[in-house]
Amino acid sequence: MIITNAGKLKLSDHLRIRDLTWMYSGTTLDLDGYVLYLTTNEHAIGSGTVISNGGRIMWGDAPVSYYLTVLQGPHGTATVENTGWHLDGNIVTNTATPDPGYDLILWQGDVAEADRTNYTVELTMNQTRDVRALFGSTNPTTRTWLGFGSLYATNPASWYLGQLPVNGDSVALDATSISNLVWDLDVQLTGWNQQTGYDGIVTIRTRYPSQGGLTNLAITGNCTIADGTWVHPVNAGTEVYRLKMTVGGDFFLSTNAVINLDGRGYSGVAGPGKGVDLQRWGDGTGAAASYGGRGAYGWVGVPAACYGTVAAPTNLGSGTSGVGGGALDLQVAGTARVDGTIRAFGTAGSLHPGSARGSIWMTAGYLEGIGLLVADGAAASIYGAGGGRVAASLTSGNSVGGVRMRSLGGIGNGSDHGAAGTVYLQKAAQGSGQGTLTIDNNNTAPNTGVFTEIPPTLNTLQDLAGMTLILTNRAYVGLTANVTMGDLFIRTNTPTRLYLRGYTLKLTTKFHLDWGNANWVVYEGGQILWAAPGSVYVVY
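All of the points below concern the structure found in this document. Every chain's residues receive numbers from 1 upward, in the order its sequence appears when written. pLDDT decides what is reported in this predicted model: residues at 70 or higher carry local features, side-chain atom pairs at 80 or more are listed and counted, and totals for whole chains, interfaces and linings draw on all residues regardless. Processing note: side-chain calculations cover all non-hydrogen atoms of the structure and skip hydrogens and water entirely.

## Some words on the layout of surface pockets
Then, number 1: Of the grid points, spaced at 1 Å and generated over the protein atoms alone, those admitting a 1.4 Å probe that cannot get out make up cavities, while open sets with protein on both sides within 12 Å along at least five of seven lines make up pockets; any residue with an atom within 4 Å of a point is treated as lining. Grid points are joined across faces, edges and corners, and a volume is the space filled by probe spheres set on the points. Considered as a void within the structure, the largest pocket measures approximately 250 Å³ in volume.
Then, number 2: Surrounding the largest pocket, 13 residues form its lining, M405, R406, V423, T438 and D440 being those nearest its centre.
Then, number 3: Numbering of helices and strands starts at the N terminus; helices are DSSP runs of H or I of at least 4 residues and strands are runs of E of at least 2. Every element with two or more residues in the lining of the largest pocket is listed here: β34 (404-406), β35 (422-426) and β36 (436-440).
Then, number 4: With four residues, β36 is the single largest residue contributor to the lining of the largest pocket.
Then, number 5: Here the second largest pocket defines a volume of roughly 160 Å³.

See below:
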């Protein structure tokens, strides 16, 4: 055999031929784990590239051999030292040994069906074989997900021993679990242990209360997500699905895991803050979607209104060309450690306006970690969408450690950027409704008329009176009504704007010089009233 003219050859099985005479420069031979048997004696084969991928070339009158891969666990061992090449016809004995508290589920891979549940199996090496010993917990209240036959949790065959989780059980997912999981069981669990090695997608089919069915994943103990991805189903034109969970113990999201609610909100042109879909710029009537902040819009377009609540956001992100961000409502009685990422981005079609980000709402006793809670607006090649809403309320703690929270407006073409969403943080010492509301757009100025509405036009009746408002990094904020808040800081080294738009911002805190600069406020007939001793207010 000669390989020439940039030829590429890939083996799909073991191959025996007389000779590989020459491989010219630029040619490739991919063994792909197989053996190329050449009956001639070894010699130079030229300057081509040989990719082994676990395969090899055997020269001379070499006997046929096959490769055996033995994998184990977790929660038990197998005869992994048998991994390697074995002569054709040899019989290799492999033994599975479970750890205490576990038992053998089966041998997965190239094992005879009649032998799969045997602790010891004998493999005749007449082909390449890959085998793995799978183990499951013998704890009568632990249910190990396997995923055989169906992705749905309601299928008994998909669980070890064929037993569905019931009230009081805990769920285990690990490297034994071979498929994704769709959780649709309405039971109260004592724990959720998703271990390193499970890299599947878990879809939680919790619904909004008005939609009936499973409305909350209730876990009375701890919830650990050490690996893999959590999502909720995609919505259409109404709010049906969100990820709603209560944890009675602690919650842990590792750096290897993610709760990814991107593109899980309103589909297409739908939602309270829906935009106007228009490819490219067209006649200028196009508009990106809004939620926590307004989306950018065309020169004769109308911005979509903002909606939802600041301190307890639960809405989906509105759509335009793509799908808005989804929604998470996570209530943790103990400590929430977030080292991974929780995200709720919207999406955008090519050369179309973007869809808005969704909601992330977390309540916990304590919050710690190095992770990220993010609901930025969808970037788009035309008009950037508005940011979503992120809120965290602590019932015992007064620090979030290294956890970052962000809700930026989406980047658009030129200056057609979306306005920032809202980030609300309430610490235990501040009390209910007394937290900090931060508007931050990462030094990206939205276009004219694109700002974060306070209060949102579609939800003006919400209590902001105790909150401290912080505007920074080119946040553009506009009042939509007279509003009372606790305090105000405008912190910036770049243009940041508070548009009063003829309304009054009444602050219950006494006037302080370090609040900001009057040049950063566009009054338009409005005013800021600061508290003074007694019932007197200072007009600024």
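## Structural notes on the nonpolar core
Then, number 1: We define a nonpolar core as any set of buried Ala, Val, Leu, Ile, Met, Phe, Trp, Tyr and Cys residues linked to one another through side-chain atoms lying within 4.5 Å. Three labels apply to residues, based on accessible area from a 1.4 Å probe with only protein chains included: buried if under 20% of the type maximum, exposed if over 50%, partly exposed otherwise in between. W183, W192, W230, M245 and F251 are the most contacted members of the largest nonpolar core, which totals 49 residues.
Then, number 2: Counting residues per element, this core draws most heavily on strand β29 (residues 327-338), at five residues.
Then, number 3: Whether two residues are in contact is decided by their heavy atoms: any pair within 4.5 Å suffices. Setting aside residues no more than four positions away along its own chain, M245 makes contact with N216, L217, I219, C223, W230, F251, D329, L330 and Q331.
Then, number 4: Residues V477, L479, V483 and L507 belong to the second largest nonpolar core, which totals 27 residues.

## Quick word on a nonpolar patch on the surface
Then, number 1: Only residues whose relative accessible area exceeds 30% and that take part in no salt bridge are eligible for patches, with like-charged residues grouped when within 9 Å of each other and nonpolar side chains (Val, Leu, Ile, Met, Phe, Trp, Tyr) grouped when within 5 Å. Only the protein chains shown count as cover for residues, with accessible areas throughout obtained via the Shrake-Rupley method and a probe of 1.4 Å. Only one rule defines a salt bridge in this text: a Lys or Arg side-chain nitrogen within 4 Å of an Asp or Glu carboxyl oxygen. Taken together, the side chains of I2, W22 and Y24 present a nonpolar region at the surface, about 320 Å² in accessible area.
Then, number 2: Looking at the secondary structure, you find I2 in strand β1 (residues 2-3).
Then, number 3: Residue classification places I2 among the exposed residues on the basis of a relative accessible area of 53%.

## Some thoughts on the sheet that holds strand β25 (residues 228-231)
Then, number 1: Pairs of strands are assigned from DSSP output, requiring at least two bridges between the strands. Strand order in the open sheet formed by seven strands is β19-β22-β25-β28-β30-β32-β34, and the pairing between neighbours is parallel. The open sheet has two edge strands with one neighbour each: β19 (181-183) and β34. Sheet twist, expressed as the average angle between the axes of neighbouring strands with direction ignored, equals 15°.
Then, number 2: Here strand β22 (residues 201-204) pairs with β25 via three bridges, running parallel. For T203, the partnering residue across the bridge sits in β25 and is V231. Axis angles are defined between N-to-C directions and span 0 to 180 degrees, where every axis is a line fitted to C-alpha atoms and, for a helix, only to the segment in contact.

Coordinates in, geometry out; function isn't part of it.
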